[in-house]
Amino acid sequence: MKRLRIEELLQRNVWDVGKKPHIEINMDACGSCESKLCVKLCPAGCYTVVDGKVLFSYEGCLECGTCRTVCPQGAVKWSYPRSGKGVYYRFT
Ligand code: SF4
């Protein structure tokens, strides 16, 4: 059996994205952050930096909770997606 890389495994997941974001960012608090750990540590790449500002999109979220844990500003208001929405992991 072929051993898959993590990127290949993640591409097998599917998402049923809800209309309401399950993660909200306090952009005032976020703007004063220097470490930007969310950008460095989000495994799904949901956080990017454009012109020095953090942009966030929740659609590809893996629901790992890392951003909530590492944000030094406490700027991440985090919850799971509404029941039936979000990521569906596929391991085969
Ligand atoms: S919960 Fe995990 S995957 Fe989702 S945005 Fe936060 S760090 Fe990224």
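Everything here concerns the structure above.
This write-up is about the structure you can find in this document. Within each chain, residues carry numbers counting from 1 in the order of the written sequence. In view of the model being predicted, local features appear only for residues whose pLDDT reaches at least 70, and side-chain atom pairs are presented and counted only at 80 or more, with totals across whole chains, interfaces and linings using the full set of residues. The basis for every side-chain value is the complete set of non-hydrogen atoms in the structure, without hydrogens or water.

**Some details on the nonpolar core**
Think of a nonpolar core as a cluster: buried Ala, Val, Leu, Ile, Met, Phe, Trp, Tyr and Cys residues, connected wherever their side-chain atoms sit within 4.5 Å. Remark: exposure states derive from per-residue accessible area (1.4 Å probe, protein chains only) relative to the maximum for the residue type, with buried under 20%, exposed over 50%, and partly exposed in between. Ranked by internal contacts, the top residues of the largest apolar core, which has 15 residues, are I23, I25, Y47, C67 and V76. The secondary structure listing takes helices from DSSP runs of H or I that are at least 4 residues long and strands from runs of E that are at least 2 residues long, numbered from the N terminus. Within the residue set of this core, elements represented by two or more residues are β2 (23–25), α2 (27–31) and β5 (76–78). Once residues within four sequence positions are removed from consideration, Y47 is found in contact with I23, I25, C38, V39, C42, V54, L55, F56, C67 and V76. Contacts are residue-level and defined by heavy atoms, with any inter-residue pair within 4.5 Å sufficient.

**Some points on the site of the ligand**
Around the ligand sit 15 residues in total, of which C42, C61, C64, G65 and C67 are the nearest. Only protein atoms enter the 1 Å grid used here. Points where a 1.4 Å probe fits but cannot escape make up a cavity, open sets with protein on both sides within 12 Å along at least five of seven lines make up a pocket, and a residue lines them when an atom lies within 4 Å of a point. Any molecule with more than half of its atoms within 2 Å of a cavity's or pocket's grid points is counted as sitting in it. In this structure the site holding the ligand corresponds to the second largest cavity. Put simply, Ala, Val, Leu, Ile, Met, Phe, Trp, Tyr, Cys and Pro go in the nonpolar bin, Asp, Glu, Lys and Arg in the charged bin, and everything else, Gly too, in the polar bin. Here the shell around the ligand is built from residues that sort into twelve nonpolar, two polar and one charged. One heavy atom within 4 Å of a molecule or strand is enough for the residue carrying it to be called near that molecule or strand.

**Side note on empty space enclosed by the protein**
Grid points are joined across faces, edges and corners, and a volume is the space filled by probe spheres set on the points. Evaluation of the coordinates by the stated rule reveals two cavities of 30 Å³ or more. Taken as a whole, the largest cavity encloses approximately 110 Å³ of empty space. For the largest cavity, the lining is made up of 13 residues, of which C30, C33, C38, C71 and A75 are closest to its centre. The class makeup of the residues in the lining of the largest cavity is eleven nonpolar, one polar and one charged. Considered as a void within the structure, the second largest cavity measures approximately 80 Å³ in volume.

**Regarding the packing of aromatic side chains**
Here the aromatic set is Phe, Tyr and Trp, taking the six-membered ring for Trp, and pairing holds for ring centres within 6.5 Å; pairs whose planes are under 30 degrees apart are stacked, those over 60 apart are edge-to-face, and all others are tilted. Under the defined criterion, the tally for this structure stands at two aromatic pairs. Plain terms: the ring middles of Y47 and F56 are 4.6 Å apart, the flat faces sit at 35° to each other, and that makes the pair tilted. Residue F56 is classed as partly exposed on the basis of its relative accessible area, which comes to 25%. Ring centres 4.8 Å apart and planes at 75° place the aromatic pair W78 and Y80 in the edge-to-face group. Judged by its relative accessible area of 13%, W78 falls in the buried class.

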